[in-house]
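A structural walkthrough
Each chain is listed here by its residues.
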Amino acid sequence: MTSDEKVLGWDDEISNDDQGAFEVAEPGEYSFEVVNLVRGRHNAKQDGKIPDCPKAEVTLRIFTKDGDKVDFKHNLYLHSRCEGMLCAFFKAIGQRKHGEPLRPNWANLIGSKGRCKVGVREYSTSGGEKRKANEVKKFLDLPESGQTHQQSQVDEGF
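It should be emphasised that the depicted structure is a prediction, and the values quoted were computed from it without experimental measurement.

**Side note on helix α2 (residues 83-92)**
Taken together, the buried positions of α2 are occupied by Leu-86, Ala-88, Phe-89, Phe-90, Lys-91 and Ala-92. Looking one or two residues beyond α2, the residue adopting positive phi is Gly-94, at roughly 85°.

**Re the pattern of salt bridges**
Under the counting rule described, the total for this entry stands at six salt bridges. The partner of Arg-115 in a salt bridge is Glu-29, with the nearest N and O atoms 3.9 Å apart. Placement of Arg-115 in strand β4 (residues 113-124) and of Glu-29 in strand β1 (residues 28-42) is noted, with a sequence separation of 86 residues between them. Here Glu-135 makes a salt bridge to Arg-121, at a shortest N to O gap of 4.0 Å. Of the two residues, Glu-135 is situated in strand β5 (residues 130-140) and Arg-121 in strand β4; the sequence distance between them amounts to 14 residues. Residues joined in a network through salt bridges with shared partners are Arg-121, Glu-135 and Lys-137.

Conventions we followed
- Residues numbered from 1 in each chain as written.
- Predicted model: local features only at pLDDT ≥ 70, side-chain atom pairs only at ≥ 80, totals over all residues.
- Heavy atoms only, no water.
- Buried < 20%, exposed > 50% of the residue type's maximum accessible area, 1.4 Å probe, protein only.
- Helix = DSSP H or I, 4+ residues; strand = E, 2+ residues; numbered from the N terminus.
- Salt bridge = Lys/Arg side-chain N within 4 Å of Asp/Glu carboxyl O.

Okay, here's the thing in structure tokens:
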């Protein structure tokens, strides 16, 4: 959950008419921050590409050129078929160095920062409505100079 979100109680008053509309950022390279992590399970029956396995659903926050924040979810599947994407993610946030084994530190994931290439995918809702959402196309390695993403993001709104 982000800092402005909260769990509602059964007897709480509600008043926000927003139906969950969200902004979609233009494709490009962005700095991101991990703002949430939900541990879950992937059900192979949903897509058939990846077998049943644990998954980490991370919420990434990026900032557009206009300074608007855009949050979107990205699934990290804990399966050998997706090991390359896991390694790329942990290299992007500075937890892993290229070619070195890593035991991910999930407890320190929230607040981690990195860079990624973001795209836009189109999909249809169960009611046939066409929608767009952001997706990670590629996680980008830390700068070669030894500078961390956290240091390079001072000028980018983080």
